Amino acid sequence: MHEQVTRIEKAAFFDCVFLKHVCILQNSQLQVIGKMAFEHSAIECFYIPPKVSCFFVNAFSDCNQLVIVEIDENSNLEEINYPRISGSESYIIMVPMKL
């Protein structure tokens, strides 16, 4: 994903059943991950860069292949409403100590 992208809009990758990876760099300007952004995709892991301040809890609904969500240790998130990851039997959310 281009580093200047600031938002992943609502349902941007909805039903992208062949989408397994999204490359987001640490210097990304991404600030918002919208509702249902990756719902029903085949995404396997996702990195939330430091500038993300708004992360909708249902961004990963029905992501059966998702196993890891990593939140950067310098995250601007003030609180986390743990994402609803339905469909995946087990997954890991890597959260910085400060959150």
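Okay, so let's go over this structure. Source: prediction; values computed, not measured. (Residues numbered from 1 in each chain as written. Predicted model: local features only at pLDDT ≥ 70, side-chain atom pairs only at ≥ 80, totals over all residues. Heavy atoms only, no water.)

As for the packing of aromatic side chains
(1) Moving on: In this structure the tally under the stated criterion is 5 aromatic pairs.
(2) Moving on: An aromatic cluster is present here, built from Phe13, Phe38, Phe46, Phe55 and Phe60 joined pairwise through their rings. (Phe/Tyr/Trp six-rings, centres within 6.5 Å; stacked < 30°, edge-to-face > 60°.)

Describing the environment of Cys16
(1) Moving on: Among the secondary structure elements, Cys16 is positioned in the loop between strand 1 (7-8) and strand 2 (32-33).
(2) Moving on: Note on Cys16: relative accessible area 28%, which makes it partly exposed.
(3) Moving on: In the structure, Cys16 is positioned 25 residues away from Ser41 in sequence and 4.7 Å away in space, judged by C-alpha atoms.
(4) Moving on: Not counting residues within four places of it along the chain, the set of residues in contact with Cys16 comprises His40, Ser41 and Ala42. (Helix = DSSP H or I, 4+ residues; strand = E, 2+ residues; numbered from the N terminus. Buried < 20%, exposed > 50% of the residue type's maximum accessible area, 1.4 Å probe, protein only. Contact = heavy atoms within 4.5 Å.)

Some thoughts on the nonpolar core
(1) Moving on: Membership of the largest hydrophobic core comes to 21 residues, with the highest contact counts inside it found for Ile33, Phe38, Ile43, Phe46, Ile48, Phe55 and Phe60.
(2) Moving on: Among the secondary structure elements, those contributing two or more residues to this core are strand 3 (45-48) and strand 5 (68-71).
(3) Moving on: Examining the composition of this core, we find that 3 residues originate from one element, strand 3, more than from any other. (Core = buried A, V, L, I, M, F, W, Y, C linked by side-chain atoms within 4.5 Å.)

A few points about the sheet that holds strand 3
(1) Moving on: The 3 strands are arranged 3-5-6 in an open sheet whose pairing can be described as parallel. The open sheet has two edge strands, strand 3 and strand 6 (92-94), and neither has a second partner. On average, each strand axis in the sheet is inclined to that of its neighbour by 10°, with strand direction left out of account.
(2) Moving on: In the sheet, strand 3 pairs with strand 5 via 4 bridges, with the strands oriented parallel. Opposite Phe46, over in strand 5, you have Val69 as the bridge partner. (Pairing = 2+ DSSP bridges. Axes fitted to C-alpha atoms, helices over the stretch in contact; angles between N-to-C directions.)

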